[in-house]
Amino acid sequence: MGRLIGLAALAVLLVAPFALYPVFLMKVLCFALFACAFNLLIGFSGLLSFGHAAFFGSAAYVTAHTVKVWGLSPELGILLGTLTAAGMGVLFGGIAIRRQGIYFAMITLALSQMVFFLALQLPFTHGEDGIQAVPRGVLFGLFDLNHPFTMYYFVLAVFLFGFAVIWRTVHSPFGQVLKAIRENEPRAISLGYRTDRYKLLAFVLSAALAGMAGGTKAIVFQLATLTDVQWQMSGEVVLMTLLGGMGTLSGPVVGAALVVALENYLAATNLPVPVVIGAIFVTCVLLFRRGIAGEILARFGNGRPQA
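Predicted model only: the values in this text are computed from it and were never measured.

Can you lay out the state of the cysteines for me, pointing to particular residues and giving the numbers?
One pass over the full model with this rule turns up zero disulfides. Not part of a disulfide, Cys36 finds its nearest cysteine sulfur in Cys30, a span of 12 Å. The exposure class of Cys36 is buried, given its relative accessible area of 3%.

Which residues make up helix α3 (residues 53-68), and what values go with them?
Over its 16 residues, α3 runs 22 Å from end to end, which matches the ideal 22 Å to within 8%, given 1.5 Å per residue. In terms of burial, α3 is a largely internal element, 15 of the 16 residues being buried.

Please give an account of unusual backbone geometry that cites residues and values.
Backbone phi values are negative for most residues with the exception of glycine, while trans is the configuration of most peptide bonds. Phi at His126 takes a positive value of approximately 60°, unusual for a residue other than glycine. Secondary-structure assignment places His126 in the loop between α5 (101-121) and β1 (131-132). Even without being glycine, Gln222 reaches a positive phi, approximately 55°. Relative to the helices and strands, Gln222 is located in the loop between α9 (195-221) and β4 (223-224).

Break down helix α2 (residues 22-45) for me, citing the residues and quoting the values.
Residue pairs spaced three or four apart in an α-helix point in one direction, given the helix's 3.6 residues per turn. With 24 residues, α2 extends 34 Å between its outermost C-alpha atoms, agreeing within 8% with the 34 Å of an ideal straight helix rising 1.5 Å per residue. Helix geometry: α2 is bent most strongly at Asn39, by close to 35°. Burial analysis of α2 places 22 of its 24 residues in the buried class, the great majority of the element.

Provide a residue-level description of the pattern of salt bridges, including the pertinent values.
If you walk through the whole model with that rule in mind, you get four salt bridges. Between Asp196 and Lys199 there is a salt bridge; the shortest N-O distance is 3.8 Å. Here the residue Asp196 and the residue Lys199 both occupy positions in helix α9, the gap between them amounting to three residues, near one helical turn. Taking relative accessible area as the criterion, Asp196 reaches 42% and is therefore assigned partly exposed.

Procedures and definitions
- Residues numbered from 1 in each chain as written.
- Predicted model: local features only at pLDDT ≥ 70, side-chain atom pairs only at ≥ 80, totals over all residues.
- Heavy atoms only, no water.
- Disulfide = S-S within 2.5 Å.
- Buried < 20%, exposed > 50% of the residue type's maximum accessible area, 1.4 Å probe, protein only.
- Helix = DSSP H or I, 4+ residues; strand = E, 2+ residues; numbered from the N terminus.
- Expected span 1.5 Å × (residues − 1).
- Bend = angle between axes of the 7 residues up to and from the residue.
- Salt bridge = Lys/Arg side-chain N within 4 Å of Asp/Glu carboxyl O.

Dropping the structure here:
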């Protein structure tokens with residue numbers, strides 16, 4: 001059943017740009033990958049980070065700069081952005097995992113604010129103007145990403161790659177250890193696991209995938225700004241994950257699609273978008289304790305919200 005649902009979802013994604021605006025779909029996919037990366041940390045490792053925008057935004061800046069100024073191809077720009085985010089993950093994770101709970105969250109928030117300050121001051125980021133008019137370029141020297149459909153299928157491929165990495169991680173022995181740490185870290189330590197090492201690896205992998213999402217978004221919108229690295233972005237990805245279903249693979253995708261759709265379609269109305277999203281979030285917290293996808297999977301999946 002899970003494979004059939006996955007194949008049906010893939011078929012919908014393949015034909016979606018013929019029915020919906022491709023740029024909107026690409027934004028959904030970028031934020032879905034970002035939310036999935038964050039969910040790997042909080043949902044399967046039990047680590048709440050309030051600073052994931054640092055990885056998302058830094059990768060966006062690096063990708064935009066290397067593609068526009070250095071003239072690199074889009075795939076190399078995204079790769080460098082991902083590696084930058086992974087390197088920051090090693091540094092930030094090495095500092096933050098020494099603490100737990102709210103102290104871990106506050107350390108990640110403080111480190112993220114330092115990155116925001118650097119993004120505001122460093123010359124190559126252009127301050128409040130950001131890096132604009134980033135060329136999409138030609139993928140592998142063959143595919144012109146200026147064509148909307150070509151760009152969409154490239155973003156879809158990036159999302160599917162990132163999602164596959166997360167799926168494989170969760171269903172590997174490494175993922176089982178992460179779940180054990182989430183449930184009872186002292187017991188995992190008593191069994192001989194070096195939990196700090198596992199948490200650091202999970203943190204770095206989550207940061208790298210968040211960076212991949214940020215770099216891809218910079219190519220899609222041809223722009224990297226302070227919005228990508230500010231603390232509100234970290235809060236938004238927390239909202240997406242909790243709305244969809246923390247600790248599930250499909251939940252962050254559902255949450256990201258819902259939030260992006262609301263922001264996109266309510267922007268044309270006179271309704272206050274943050275208030276509407278906040279009301280929906282409160283309603284979901286009260287009625288769907290596991291999130292939207294989490295409740296569906298818990299009720300129709302034998303009580304196991306894993307998909």
